[in-house]
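# Geometric and topological summary
Residues per chain are reported as follows:
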Amino acid sequence: QVQLVESGGGLVQAGGSLRLSCAASGGTFSSYSMAWFRQAPGNEREFVVSINRSGSNTKYADSVKGRFTISRDNAKNTVYLQMDSLKPEDTAVYYCAANSNTWLITRSGSYDYWGQGTQVTVSS
């Protein structure tokens, strides 16, 4: 059983940056592909980005490509999301998720473990 805890959310002006962290415990972190999803009020949870077990491969949603960067530190059991050039439409609760299969999965239903989420609010 893997526990995931996100941190780093907050309020930022448009054009600003935030760095989210997701600390994992209770499992072998390096055996899981990791991802970030987000959910805005009234919307479905949507895929943002994923990373494979070693950190050598990533997949980004078109809406964040070139602005967001995912990375992981397997020695620290942590995955990060660097968010730059933030826009008001990036406002959402951001969740990290883990699955024991491929990092290419973008469907939220295929992820086994979830954090509690962290709020990101971008003001215009």
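Quick look at the structure, then. (Residues numbered from 1 in each chain as written. Predicted model: local features only at pLDDT ≥ 70, side-chain atom pairs only at ≥ 80, totals over all residues. Heavy atoms only, no water.)

## What to know about the environment of Asp84
Threshold: Here a helix means four or more residues in a row that DSSP labels H or I, a strand means two or more in a row labelled E, and each is numbered from the N terminus. Residues count as neighbours in contact if any of their non-hydrogen atoms are within 4.5 Å of one another. Whenever a nitrogen or oxygen atom comes within 3.5 Å of another N or O atom, the pair is scored as a polar contact, on the condition that within protein one atom can donate a hydrogen and the other can accept it, and that pairs from neighbouring residues in sequence are kept only if both atoms are in side chains.
Relative to the assigned elements, Asp84 resides in the loop between β8 (78–83) and β9 (92–99). Those residues in contact with Asp84 that sit more than four places away from it in its chain are Gly16, Ser17, Arg67 and Phe68. Within polar-contact distance, the side chain of Asp84 engages the side chain of Gln82 at 2.9 Å.

## Focus on the pairing of strand β5 (residues 46–51)
This is how it is decided: Working definition: with a 1.4 Å probe on protein chains only, accessible area under 20% of the residue-type maximum means buried, over 50% means exposed, and in between means partly exposed. Paired strands are those between which DSSP finds at least two bridges.
In terms of residue burial, β5 counts as a mostly covered element, since five of its six residues are buried. Here strand β4 (residues 33–39) pairs with β5 via five bridges, running antiparallel. The partner of Arg38 across the bridge, within β5, is Glu46. Between β4 and β5, which pair antiparallel in sequence order, lie six residues; one of them, Gly42, sits at a positive phi of approximately 80°. Bridge count between β5 and strand β6 (residues 58–60): three bridges; the pairing is antiparallel. For Ser50, the partnering residue across the bridge sits in β6 and is Lys59.

## Some details on the pairing of strand β1 (residues 3–7)
Only one face of β1 is buried, namely the one carrying Leu4 and Glu6, since none of Gln3, Val5 and Ser7 on the opposite face is buried. In the sheet, β1 pairs with strand β3 (residues 18–25) via five bridges, with the strands oriented antiparallel. Bridge assignment links Val5 to a residue of β3, and that residue is Ala23.

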